[in-house]
Amino acid sequence: MQSVGERRTKICFPFCGDLVGGSHISVLGLLRNLDRRRFDPVVLVEAPEGEIARLMRGADVDIATAGPLPALRHGERAGLRHAIGIARASGALARLLRERAIDIVHSNDGRTHAIWALPAKLAGAKLVWHHRGAPDARGLRFVAPRIADAVVSVSGFALGKAGMRSRRARVIHSPFDTDVRVDREALHAALLDELGCSEGTRLIGFFGVLISRKRPLLFVEAIAALRRRAPDLPVRGLVFGTPLEIDEAMVRAHAERHGVADAIQLMGFRYPGADWIAACDLLMVPAVDEPFGRTLIESMLVGTPIVATRSGGNIEALQDGRLGTLVAPEDPNALAAGALELLRDENRSSALAAAARTHASSHFGEDRHAEAVMALYDELVPRAAPGNRERWSTASASVPQP
């Protein structure tokens, strides 16, 4: 029988629903780089044959079903009815964690925090609360400091002052494949062909789940403003993302109202996102209070220039404008002016893209992210880490093992 010091730390990554987003892509990158000699991960999903399960199979990980979970929609604040449902489900979920001998529960979004925090504590597991939302989120301010054993945030902006009150609070930027290589010209040509656009058409991309914070409707307004500023420049605004708070009909209606129905194309969710970002001439990020958008870093890595609002984690990601153009938030004319400058000034555009690629390649690798997360796991469950055991074995015999 293995002693505590010999077994691998068992990490559970629970997910709710079946909508794939940036948090799932980040967890996939972590799973691919976890040291399996030290850590034994399991992914818990609601839909065993769903999109999340299919995505995670790319990491060669144990995938199990948690069963139907309490209903709580994206962005919905948990009320008394939700609290009762979560409390009723917590006993069964805690038993599932105990049966699997889970050491650490690593939750990655608001609904998962709400549903899995109590079961983790009831099961005696450590809770890593991975915060990917706004710094004023109620869970981060009021719940995480009291129940989480560690809080990880995707940016300094997202962590804020409230998060710093939490135990073991730290910023660990999301992981990316920094070895990605793309043929921008070929991808751009293929996308023009799919859209039936002429060779000179400039493709401006919006990437992200269609929620209010990401401002997809402001993107439409910015494309309209760009057309007014440069009526002779053929432009197509491409909306890549899954509808959630905002549906495609709303985007189409907004485009009609602003006279750009012919210039807005709804592309849906496409993976891998880096290929589609590389196919665009420009990434436009109209989001407000975005914690730390994945598309910004993906764009840097494939050499697509960026115009984004001076808000939230955008400022941190773009190094206060050194790696991309930052403009005033909530201003479609400012976005249009920033986009037009990059489209017309090839030298500036290329210089920003080159600086961004260099920075992203050295700061956002999957291995760097995994090492930081694994170090945290070792802090939480130190005796279960074979890496620690190896260090103990090389220490002096006179020094007792912890």
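Residues numbered from 1 in each chain as written. Predicted model: local features only at pLDDT ≥ 70, side-chain atom pairs only at ≥ 80, totals over all residues. Heavy atoms only, no water.

**With respect to the confidence of the model for the protein chain**
Step number 1: Confidence in the prediction for the protein chain averages 90 pLDDT; 90% of positions are at 70 or higher.
Step number 2: This stretch, residues 384–402, has a pLDDT under 50; its non-local contacts, to residues over four places away or in other chains, come to 20 contacts. (pLDDT = per-residue confidence, 0-100. Contact = heavy atoms within 4.5 Å.)

**Observations regarding the pairing of strand E2 (residues 39–45)**
Step number 1: Most of E2 is tucked away: six of the seven residues are buried.
Step number 2: Pairing between strand E1 (residues 9–14) and E2: six bridges, direction parallel. Considered in E2, the bridge of Ile-11 is made with Pro-41.
Step number 3: For the handedness criterion, the β-α-β arrangement of E1, helix H1 (residues 22–33) and E2 is classed as right-handed.
Step number 4: Inspection of the sheet shows E2 paired to strand E3 (residues 62–65) by four bridges, in the parallel sense. Residue pairing for E3: Val-45 is matched across the bridge by Thr-65. (Buried < 20%, exposed > 50% of the residue type's maximum accessible area, 1.4 Å probe, protein only. Helix = DSSP H or I, 4+ residues; strand = E, 2+ residues; numbered from the N terminus. Pairing = 2+ DSSP bridges. Right-handed = clockwise from strand over helix to strand, strands pointing away.)

**Some details on the sheet that holds strand E10 (residues 264–266)**
Step number 1: What the six strands build is an open sheet, ordered E10-E9-E8-E11-E12-E13; its pairing is parallel. Both outer strands of the open sheet, E10 and strand E13 (325–327), are each paired with one neighbouring strand and no more. Each neighbouring strand pair of the sheet contributes to a mean axis angle of 25°, computed without reference to strand direction. (Axes fitted to C-alpha atoms, helices over the stretch in contact; angles between N-to-C directions.)

**Overview of a negative patch on the surface**
Step number 1: A contiguous patch of negative charge, built from Asp-177, Asp-179, Asp-367 and Glu-371, is present on the exposed surface.
Step number 2: When you line up the elements, Glu-371 lands in helix H15 (residues 366–380).
Step number 3: Judged by its relative accessible area of 49%, Glu-371 is partly exposed. (Patch = residues over 30% accessible without salt bridge, like charges linked within 9 Å, V, L, I, M, F, W, Y side chains within 5 Å. Areas by Shrake-Rupley, 256 points an atom, 1.4 Å probe, with all protein chains shown as cover. Salt bridge = Lys/Arg side-chain N within 4 Å of Asp/Glu carboxyl O. Lys, Arg positive; Asp, Glu negative; His and termini not counted. Charge placed at Lys NZ, Arg CZ, Asp CG, Glu CD.)

**Considering the packing of helix H11 (residues 294–302) against helix H14 (residues 346–363)**
Step number 1: Following both chains from N to C, one finds H11 and H14 inclined at 110°, their axes separated by 7 Å at the closest point. Classified by the angle between their axes, H11 and H14 sit roughly perpendicular to one another. Judged by the sense of rotation from one axis to the other, the crossing of H11 with H14 is left-handed. Across from Ile-297, Met-300, Leu-301 and Val-302 in H11, the residues of H14 making contact are Ala-353, Ala-356, Arg-357, Ala-360 and Ser-361.
Step number 2: When grouped by side-chain class, the residues that make up the contact of H11 with H14 number seven nonpolar, one polar and one charged. (Parallel < 35°, antiparallel > 145°, perpendicular 65-115°, else oblique. Left-handed = near helix turned anticlockwise from the far one by under 90°. Nonpolar A, V, L, I, M, F, W, Y, C, P; charged D, E, K, R; others polar.)

**Considerations on the nonpolar core**
Step number 1: By size, the foremost hydrophobic cluster in this structure holds 36 residues, and its most contacted members are Leu-191, Leu-238, Leu-296, Ile-297, Met-300, Ile-306 and Leu-318.
Step number 2: Mapped onto this core, the elements with two or more residues apiece are helix H7 (184–195), strand E8 (202–207), strand E9 (235–240), helix H10 (273–278), strand E11 (282–285), H11, strand E12 (306–309) and H14.
Step number 3: Leu-218, Ile-246, Val-251 and Met-284 belong to the second-largest nonpolar core, a separate cluster that totals 33 residues. (Core = buried A, V, L, I, M, F, W, Y, C linked by side-chain atoms within 4.5 Å.)

**Quick word on the packing of aromatic side chains**
Step number 1: Applying the stated rule across the entire model yields six aromatic pairs.
Step number 2: Pairing Phe-206 with Phe-219 gives two aromatic rings, centres 5.6 Å apart and planes at 45°, and the pair type is tilted. A residue pair is termed long-range when its members are at least 10 positions apart, and Phe-206 in strand E8 and Phe-219 in helix H8 (residues 216–229) qualify at 13 residues.
Step number 3: By relative accessible area, Phe-219 is classed as buried at 0%.
Step number 4: Geometrically, the ring pair formed by Phe-207 and Phe-240 is stacked, given 4.3 Å between the ring centres and 5° between the ring planes. Of this pair, Phe-207 sits in strand E8 while Phe-240 sits in strand E9; the two residues are 33 residues apart in sequence, bridging distant segments of the chain.
Step number 5: Overall, the relative accessible area of 12% leaves Phe-207 in the buried class. (Phe/Tyr/Trp six-rings, centres within 6.5 Å; stacked < 30°, edge-to-face > 60°.)

**Observations concerning the packing of H8 against helix H9 (residues 248–257)**
For any two helices packed against each other, the geometry is given by the interaxial angle and the distance between the axes.
Step number 1: Across the interface, H8 lies against H9 with an axial gap of 10 Å and an inter-helix angle of 25°. Regarding the angle of H8 to H9, the classification is roughly parallel. Crossing handedness for the pair H8 and H9: right-handed. Two secondary-structure elements touch here, H8 through Leu-217, Val-220 and Glu-221 and H9 through Met-250, Val-251, His-254 and Ala-255.
Step number 2: Of the residues assigned to the contact of H8 with H9, the class counts are five nonpolar, one polar and one charged.

**So, the pattern of salt bridges**
Step number 1: Counted under the stated rule, the structure contains 23 salt bridges.
Step number 2: The partner of Arg-57 in a salt bridge is Glu-49, with the nearest N and O atoms 3.8 Å apart.
Step number 3: Each of Asp-35, Arg-37, Arg-38 and Asp-378 takes part in salt bridges that share partners, so that together they form one network.

**A word on the pairing of strand E6 (residues 150–153)**
Step number 1: Burial along E6 is two-sided: the face carrying Ala-150 and Val-152 and the face carrying Val-151 and Ser-153 are both buried.
Step number 2: When strand E5 (residues 126–131) meets E6, the two strands line up parallel, connected through four bridges. Counted as the bridge partner of His-130 is Val-152 from E6.
Step number 3: Considered for its hand, the β-α-β crossover made up of E5, helix H5 (residues 138–147) and E6 is right-handed.
Step number 4: Pairing between E6 and strand E7 (residues 169–171): three bridges, direction parallel. Looking across to E7, one finds that Val-152 is bridged to Arg-170.
Step number 5: Each parallel crossover has a hand, and for E6 linked through helix H6 (residues 156–164) to E7 it is right-handed.

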